[in-house]
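# An overview of the molecular structure
If you want the building blocks of each chain, they are given just below.
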Amino acid sequence: MLDGRPVRVLLIELDKKRTVLEEREDLKSWLGGVGIATCLLKEHLLPGEDAFHPGQPVVLAIGPMSTVYPVVTKAVAMFKSPLTGELGESYAGLRLAMSMRFAGYDAIVLKGQSAAPAYLTITPQQVQFNDARGLWGLSTEESGRILRQLSPGSGHRSTLRIGRAGEKQVAFACAVVDTFRHFGRLGLGAVLGSKKIKALVIHGDLNIPITNPTLYNQVYEKIYKQLVETEIMQKYHGLGTTGNVEPLNALGALPVRNLQASSYPEAVNLSGETLARETLIRKIACSGCPIGCIHIGLFRRRFGLDHEHEYESLSVSYDHELVYALGTMLGFTGHRQVYALIEKVEQLGLDAISAGVALAWATEAQQWGLLSPERELLVSLAFGQVDPYLTALDYIVSQPTEFYQALSRGTWAVAKQYGGTEFACVLGKNEVAGYHTGYANIIGQAFGARHSHLDNAGYAIDQELVSKSPATPEEIISRIIREEEERNALNSLIICLFARKVYQLPLVSEALSALGLSWTTEDLSALGQKIYREKMALKKSMGFQPEQVLIPARFLETTAIKQQLSPEKMEQLRRLMVEKLSAITLA
Amino acid sequence: MPGKILQAHGMNRCIGCYSCMLACARVVNKSYSPRYSAIQIRTRGGLQSKLTADICRGCLDAPCAAACPADALLPRPEGGVRFSRKKCAGCGDCAQKCVVQVIYFDERNCRPVVCIQCGTCVRFCPHDVLSMEVRSNA
């Protein structure tokens, strides 16, 4: 890892309350991040067993450049996903990567199951297993507050915790990192809940001396200047990701009311411009990122009708994906309702995208008569009505009926049981992100390793192709795969993907060289390909069958960037991707 | 930057990016670790609260220097100190005598992390939070 040292892996056996520190020379050829996490997942995984089997591992990893260079701020989590039944991979920022770096661990592997609710305090010197019975059942905010009081190292620690959703093993429960960031997707919170782990507090204050200060400072300053003195990163600091809402709406690529439409006039009320003007109170950055893309909005809420002049004020972190999933998908036309839902999913510890898409599906299922407000839902859902959604989110966690038990396993699982798969906005069993741009977006999420829009950015490929002559299916598929391979190289470092236009591979190679690591651009490209193939093989071992991936009809019914998608072309792309993946995993 | 001391008047604008801490650690103390920075950014109670900067306040006739038995810390006439790592005997008395308790004493290496009022942290602040200014009562 850093300066050519072996990769340090902290293995924590929860049932035995035992730790092993491994110094792994063999992992150096995987660089770091998703590279080493994939290897460690493969090493410890029980591929045929359930995601909640006590023996399943949770892997956290950072890369050689983490915190050492600006905007290299993410940590990766890998696990077997309870939502998809296969590859779980999620990224989070704020203080986690920094804390792991200076605690001296490149990767942490949790295995086994604690006998009782516990939280772990991880420092450079030791791992403490602490009683968490008093924290079990608490919200993510309250447990975070208590853990801050109980733990050392203010400013140099990270607190990763689950809410009640994780404790109740909702398949799309998230793990909250330092209040405002998350391992959001694919159910890490549920896996931690199954292990009875409420939280990890990681405290890192080691001194790691710089071996080549002159060269390192030169490269650091060059990167820093590109980040702060050019326009490349401006949009992320300015409006943040909600700057996408208005352009996507204008394009006709913003999913609205369970993707019954791809634009609506009221989107202007949820645009980045409106949210900034009416609610933005501050911005926050991950440790080592001078950009500061985390936008915090003020949510002012009256206590109730009996309290005329009584208000509470809450700070909520808003992003495009939340505004989409808990806003446009649910037909809202104002930020107050969306902020109320954001606050609710934060406290429960649910993934915002999956939760919003699940509620959007349930609303339409009620409209079609597949679900009864009295029998299954216990509440009547309607687009644009916030109170029933707040109640339904509580029910997803408390699971008072068989229906909510099914819903807690995800939108695809519940639609298979109750009907309505054709309008489930799900690809590869994962609820989709907030873009409806066309073929590459759909195929990219359906076949990406973790079924995320961030696997291969198909939404960006679609937008590029719109302005150019029609691409052939072969071109579209090879663009998707190439992008995913390259992102695996960046995710082995782990650079925030917002900075991918700064961190081109030649610059990455130069940056690694200043740390005493020799990686050419060709080496990095080859690594990206190697990780992609390894992940796909791992998915297959867990039961992923590309030929079984379905594309629900809703994706073709609603126009994408004002064009009607053709079922024939979609099928052509699907078949081609299946062929490519078969060739990759057989090679 | 002679004649001036570090000020953090713009903390309401701070985004908590740690660029200042990383700069001090990197340039002054030759460490990757933000703990080895003489400026420390903290929350007042989690990330929902305001951020605060623990910095050297540039005392005139600095008590930390007066406490140093090895003349490793010398008072600057404009406030604050100069630090000679070579002369430092590693006793830690400076950290104990710091009025605002911002000198971090590294027990592992027996050396204090001391602000030398060089302004490196200011150069890397992306949000105009920090500045070098002449002491108001100089």
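Keep in mind the model is a prediction, meaning the values are calculated, not measured.

### Here we look at the overall build of chain A
Scanning chain A from terminus to terminus reveals 24 helices and 17 strands. Computed over C-alpha atoms, the radius of gyration of chain A comes to 23 Å, within 12% of the 25 Å expected from 2.2 N^0.38 for 587 residues, which places it in the range of a compact globule. Each principal axis of the C-alpha distribution contributes one length, and for chain A these read about 65 × 60 × 50 Å. Across the 587 residues of chain A, 58% fall into the buried class.

### Comments concerning the overall build of chain B
When helices and strands are counted, chain B shows 4 helices and 8 strands. Listed by position from the N terminus, the elements making up chain B come as β-α-β-β-α-β-β-α-β-β-α-β. Radius of gyration (C-alpha) of chain B: 14 Å, near the 14 Å computed for a compact globule of 138 residues. C-alpha extents for chain B along the principal axes are approximately 40 × 35 × 25 Å. Scored against the burial criterion, the 138 residues of chain B give a buried share of 45%.

### Overview of the packing of helix α12 (residues 352-367) of chain A against helix α16 (residues 411-418) of chain A
Residues and elements named next belong to chain A. Contact pair α12 / α16: the axes reach a minimum separation of 10 Å and the direction vectors enclose 20°. Looking at the two axes, α12 sits roughly parallel to α16. At the point where α12 passes α16, the crossing takes the right-handed sense. Residue-level inspection shows Val-357, Ala-358, Trp-361 and Ala-365 of α12 in contact with α16, the latter providing Thr-411, Ala-415 and Tyr-418. Residues belonging to the contact of α12 with α16 are distributed by class as follows: 6 nonpolar, 1 polar and no charged.

### Quick look at the sheet that holds strand β1 (residues 7-13) of chain A
All names here are of chain A. Spatial ordering of the open sheet is given by β2-β1-β6-β3-β4-β5, a layout of 6 strands whose pairing is mixed. Because the sheet does not close on itself, it has two edges, and the strands there are β2 (18-24) and β5 (87-92). The mean angle between the axes of side-by-side strands here comes to 15°, regardless of whether they run parallel or antiparallel. Relative to β5, strand β4 (residues 75-80) runs antiparallel, the two sharing 6 bridges. Pairing of Val-76 across the sheet is with Tyr-91, part of β5. Contacts between helix α2 (residues 96-103) and the sheet are confined to β3 (58-61), β4, β5 and β6 (107-111), with β4 contributing the most and set at about 95° to the helix.

### Concerning helix α22 (residues 521-541) of chain A
End to end, α22 of chain A covers 30 Å across 21 residues, agreeing with the expected 30 Å (1.5 Å per residue, within 8%). In the stretch just after α22 of chain A, Gly-543 of chain A is the one whose phi turns positive, near 110°.

### Brief notes about the pairing of strand β8 (residues 127-131) of chain A
Residues and elements named next belong to chain A. Bridge count between strand β7 (residues 118-122) and β8: 5 bridges; the pairing is antiparallel. Residue Tyr-119 lies in a different strand from β8, and its bridge partner there is Asn-130. Between β7 and the antiparallel strand that follows it, β8, lie 4 residues.

### Overview of the interface of chain A and chain B
Each partner contributes residues to the interface: chain A has 30 residues there, and chain B has 24 residues. Put simply, the parts of the chain that give the side of chain A that touches chain B at least two residues each are α3 (140-150), α6 (213-229) and β13 (280-284) of chain A. If you tally residues by element for the side of chain A that touches chain B, the top one is α6 of chain A, at 4 residues. Taken together, the residues of the side of chain A that touches chain B break down into 14 nonpolar, 11 polar and 5 charged.

### Side note on the confidence of the model for chain B
Averaged over every residue, the pLDDT of chain B is 94; residues scoring 70 or more account for 98%. Note on the complex model: pTM 0.97, ipTM 0.96.

### A look at helix α1 (residues 33-44) of chain A
Because the α-helix completes a turn every 3.6 residues, residues three or four places apart line up on one side. Residue and element names in this part refer to chain A. The first and last C-alpha atoms of α1 sit 17 Å apart over 12 residues, in line with the 16 Å expected at 1.5 Å per residue. Buried residues dominate α1, accounting for 9 of its 12 residues. Among all positions in α1, only Gly-33, Val-34, Gly-35, Ile-36, Ala-37, Thr-38, Cys-39, Leu-40 and Leu-41 are buried.

### Some points on the packing of helix α20 (residues 473-490) of chain A against α22 of chain A
Residues and elements named next belong to chain A. Relative orientation of the contacting elements α20 and α22 amounts to 105°, with a least axis distance of 7 Å. In terms of their interaxial angle, α20 and α22 are classed as roughly perpendicular. Between α20 and α22, the contacting residues are Glu-484, Glu-485, Glu-486, Asn-488 and Ala-489 on the first element and Leu-524, Ser-525, Leu-527, Gly-528, Gln-529, Ile-531 and Tyr-532 on the second. Classifying every residue of the contact of α20 with α22 gives 5 nonpolar, 4 polar and 3 charged.

### Topic: the nonpolar core
One finds Val-59, Ala-107 and Leu-350 of chain A together with Cys-20 of chain B to be the most contacted residues of the largest nonpolar core, which totals 240 residues. Broken down by element, the residue count for this core peaks at 10 residues, all from α12 of chain A. Setting aside residues up to four positions removed in sequence, Cys-20 of chain B forms contacts with Ile-39, Ile-41, Cys-121, Phe-124, Cys-125 and Leu-130 of chain B.

### Things to note about the sheet that holds β8 of chain A
All names here are of chain A. Spatial ordering of the open sheet is given by β8-β7-β12-β9-β10-β11, a layout of 6 strands whose pairing is mixed. Two strands close off the open sheet at either side, each with one partner strand: β8 and β11 (181-183). Sheet twist, expressed as the average angle between the axes of neighbouring strands with direction ignored, equals 20°. Two strands pair when backbone bridges link them, and β7 and strand β12 (residues 197-203) are joined in this way by 5 bridges, in the parallel orientation.

### So, unusual backbone geometry
Backbone torsion omega between Leu-493 of chain A and Ile-494 of chain A reads -5°, so that peptide bond is classified as cis. Take Ile-494 of chain A: it is sitting in the loop between α20 and α21 (505-513). The phi dihedral of Cys-110 of chain B falls on the positive side, at around 50°, and the residue is not glycine. Position of Cys-110 of chain B among the secondary structure elements: in the loop between β6 (104-106) and β7 (111-113).

### Observations concerning the environment of Lys-562 of chain A
All names here are of chain A. Looking at the secondary structure, you find Lys-562 in the loop between α23 (554-557) and α24 (567-586). Looking at Lys-562, the number of C-beta atoms within 10 Å reads 11, which means it is exposed. Residues Lys-562 and Thr-437, 125 residues apart in the sequence, show an inter-C-alpha distance of 9.1 Å.

### Observations regarding the environment of Gln-563 of chain A
Looking at the secondary structure, you find Gln-563 of chain A in the loop between α23 and α24. Along the chain, Gln-563 of chain A and Leu-150 of chain A lie 413 residues apart, while their C-alpha atoms are 56 Å from each other.

### So, the environment of Asn-207 of chain A
Tracing the backbone through its elements, the reader meets Asn-207 of chain A in the loop between β12 and α6. By the C-beta count within 10 Å, which is 18 here, Asn-207 of chain A ends up partly exposed. With sequence-adjacent residues up to four places away left out, Asn-207 of chain A is seen in contact with Ser-31, Ser-33, Tyr-36, Asp-106, Arg-108 and Asn-109 of chain B.

Rules of the game
Residues numbered from 1 in each chain as written. Chains lettered and ligands numbered in written order. Predicted model: local features only at pLDDT ≥ 70, side-chain atom pairs only at ≥ 80, totals over all residues. Helix = DSSP H or I, 4+ residues; strand = E, 2+ residues; numbered from the N terminus. Rg over C-alpha atoms; globule rule 2.2 N^0.38 Å. Buried ≥ 20, exposed ≤ 12 C-beta atoms within 10 Å, placed from the backbone. Axes fitted to C-alpha atoms, helices over the stretch in contact; angles between N-to-C directions. Parallel < 35°, antiparallel > 145°, perpendicular 65-115°, else oblique. Left-handed = near helix turned anticlockwise from the far one by under 90°. Contact = placed C-beta atoms within 7 Å. Nonpolar A, V, L, I, M, F, W, Y, C, P; charged D, E, K, R; others polar. Pairing = 2+ DSSP bridges. Expected span 1.5 Å × (residues − 1). pLDDT = per-residue confidence, 0-100. Core = buried A, V, L, I, M, F, W, Y, C linked by C-beta atoms within 7 Å.

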